[in-house]
Amino acid sequence: PEAIEDSLDSLKKTTECSGSRESEWVFSQFNRLVRERLVVPYYQPIVRMSDLSDTAFEALARSEVPGLCNPKLMFDAASLLSRNAELSSLCRERAVEVARPLGPTYMLFVNTHPDEDLETGVMPQLLALQESHPELQVVLEVHEATVHNPHKMRDFIARLNDHGILLAYDDFGAGRSRLLELVQAPPHVLKFDINFIRGIDTAPVHQRRMVKLLVEMTRDFATATLAEGVETAEEAEVCREIGFDFAQGYLYGRPLPIERLYEGCVELCR
């Protein structure tokens, strides 16, 4: 028994040591990602439902840094280091810098993280980016569950309006989705969560009616609606019948780096 216990203790220590080395490696990779600004923005198209034309692109973060190739891995590491706000800021900055070839033709959706302070952190950066890239029409995405104080959010939206920046609530329906706050501080764009959209063509009639009712209600306060995660022609058709203004998903295009995206935009403009 003593020999077995000794073996188990040795294995535990080896595992802990290995895990520690792995964590140190990930953290070093994260520090390199931020220090060398190695975030690579990819852009996914957002189409207008009336004619399926590309009208905007959402910036999504990628990188070629080993162990941090996608947003989940990046933000998992950032969370362990309490650096979510720093990473989110870098992703936005890189998204705007790299998107310059898109010009004023397309809106550019950029994301925030719940750890960020919109007034003291995000707003100053947006104004600086707007000054250096005035040709871009930026749409700032915030998760609707982070709207804790509708009065403050309404003031924030008013400030964005003063500077020609639009606001979108992301993932509507994924969290608590309190309609009163949506009404009190309506965004320019409301993005319906993928769980509303996935399989909507085969969903019960009452579910479709609910989504249609929400879309119609949103129009009352001049907010455009966007269906996220559209993957099939059948889902797209139902979303069009319901009355969505915009749609986004693999049916219309996967996220691409600016080089490949710009080639497609040039072809469309010919």
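Thresholds applied
Residues numbered from 1 in each chain as written. Predicted model: local features only at pLDDT ≥ 70, side-chain atom pairs only at ≥ 80, totals over all residues. Heavy atoms only, no water. Helix = DSSP H or I, 4+ residues; strand = E, 2+ residues; numbered from the N terminus. Buried < 20%, exposed > 50% of the residue type's maximum accessible area, 1.4 Å probe, protein only. Contact = heavy atoms within 4.5 Å. Pairing = 2+ DSSP bridges. Core = buried A, V, L, I, M, F, W, Y, C linked by side-chain atoms within 4.5 Å. Salt bridge = Lys/Arg side-chain N within 4 Å of Asp/Glu carboxyl O. Expected span 1.5 Å × (residues − 1). Right-handed = clockwise from strand over helix to strand, strands pointing away. Phe/Tyr/Trp six-rings, centres within 6.5 Å; stacked < 30°, edge-to-face > 60°. Lys NZ or Arg CZ within 6 Å of the ring centre and 35° of its normal.

A.B. asks: Is there a simple way to explain the overall build of the chain in this structure?
C.D. replies: When helices and strands are tallied, the chain shows 10 helices and 9 strands. Out of the 270 residues belonging to the chain, those deemed buried represent 43%. Restricting the contact set of the chain to residue pairs at least 6 apart, pairs at least 24 apart contribute 67%.

A.B. asks: Sorry, what's going on with the pairing of strand E7 (residues 224-227) here?
C.D. replies: Working note: regular strand, side chains alternate between the two faces of the sheet. Covered by surrounding structure in E7 are Ala-224 and Leu-226 together with Thr-225 and Ala-227, the residues of both alternating faces. Here 4 bridges tie strand E6 (residues 189-192) to E7, and the two strands are oriented parallel to one another. Residue Leu-190 lies in a different strand from E7, and its bridge partner there is Thr-225. Relative to strand E8 (residues 246-248), E7 is paired through 2 bridges, and the arrangement is parallel. Paired with Ala-227 across the two strands is Ala-247, which belongs to E8.

A.B. asks: Please explain the nonpolar core as it appears in this structure.
C.D. replies: It is characteristic of soluble globular proteins that their nonpolar side chains tend to be buried jointly. Core analysis: the largest hydrophobic core is formed by 53 residues, its most contacted members being Tyr-43, Met-153, Leu-167, Tyr-169, Phe-192 and Phe-244. No other element matches the 5 residues that helix H4 (residues 118-132) contributes to this core. Those residues within four positions of Phe-192 in sequence are excluded, and the remaining contacts are Phe-172, Ile-197, Val-211, Leu-214, Val-215, Thr-225, Leu-226, Ala-227, Glu-228 and Phe-244. Formed by 14 residues, the second largest nonpolar core is a distinct cluster that contains Val-65, Leu-68, Met-74 and Leu-87.

A.B. asks: Would you mind going over unusual backbone geometry with me for this structure?
C.D. replies: A negative phi holds for most residues other than glycine; trans holds for most peptide bonds. Its identity as a non-glycine residue notwithstanding, Leu-52 has a phi of 60°, on the positive side. Following the sequence through the fold, Leu-52 ends up in the loop between strand E1 (40-48) and strand E2 (54-62). Even without being a glycine, Ser-82 presents a positive backbone phi close to 55°. Topologically, Ser-82 is positioned in the loop between helix H2 (71-80) and helix H3 (84-98). Judged by relative accessible area, which is 67%, Ser-82 ranks as exposed.

A.B. asks: Teacher, can you tell me more about the pattern of salt bridges here?
C.D. replies: If charged atoms from side chains of opposite charge come close, those side chains can pair. Enumeration according to the criterion identifies 16 salt bridges in this entry. Between Glu-116 and Arg-92 there is a salt bridge, and its shortest N-O distance comes to 2.7 Å. One end of the pair, Glu-116, is in the loop between strand E3 (107-111) and H4; the other, Arg-92, is in helix H3, with 24 residues separating them in the sequence. Here Glu-116 and Arg-92 have matching classes, each one buried. Here Arg-94 and Glu-97 are joined by a salt bridge, their closest N and O atoms 3.2 Å apart. Taken together, the residues span about one helical turn, with Arg-94 and Glu-97 both in helix H3 at a distance of 3 residues. Judged by its relative accessible area of 18%, Arg-94 falls in the buried class. A relative accessible area of 28% means that Glu-97 is categorised as partly exposed. It is possible to trace a salt-bridge network through shared partners that takes in Arg-37, Glu-93, Arg-94 and Glu-97.

A.B. asks: Sorry if this is basic, but what is going on with H3 here?
C.D. replies: Counted at 1.5 Å a residue, the expected span for H3 with its 15 residues is 21 Å, and the 21 Å between its end C-alpha atoms agrees. Within H3 the residues assigned to the buried category are Asn-84, Leu-87, Ser-88, Leu-90, Cys-91, Arg-92, Arg-94, Ala-95, Val-96 and Val-98.

A.B. asks: Explanation requested: the pairing of strand E4 (residues 137-143) in the structure shown.
C.D. replies: A large share of E4 lies buried, amounting to 5 of its 7 residues. Regarding topology, H4 serves as the crossover connection from E3 to the parallel E4, and that connection is right-handed. In the sheet, E4 pairs with strand E5 (residues 166-172) via 5 bridges, with the strands oriented parallel. Of the residues in E5, the one forming a bridge with Leu-140 is Leu-167.

A.B. asks: Help me out: how do you make sense of the side chain of Lys-191 in this one?
C.D. replies: If you trace the backbone, Lys-191 turns up in strand E6. Other than its neighbours up to four places away in sequence, Lys-191 contacts Glu-58, Phe-109, Glu-141, Tyr-169, Asp-170, Asp-171, Phe-172, Leu-226, Glu-228 and Gln-248.

A.B. asks: How do you make sense of the packing of aromatic side chains when you look at a structure like this?
C.D. replies: Per the counting criterion, the structure on display carries 5 aromatic pairs. Through successive ring pairs, a cluster of aromatic residues spans Phe-172, Phe-192, Phe-196 and Phe-244. Across the ring face of Tyr-42, the terminal group of Arg-62 is positioned such that the distance to the ring centre comes to 5.6 Å. Seen from the ring of Tyr-250, Arg-254 lies directly overhead, with NZ or CZ sitting 3.8 Å from the centre.

A.B. asks: Explain the side chain of Thr-225 to me, please; I cannot follow it from the model alone.
C.D. replies: Looking at the secondary structure, you find Thr-225 in strand E7. For Thr-225, a relative accessible area of 1% corresponds to the buried category.

Limitation: the analysis is restricted to geometry and does not speak to function.
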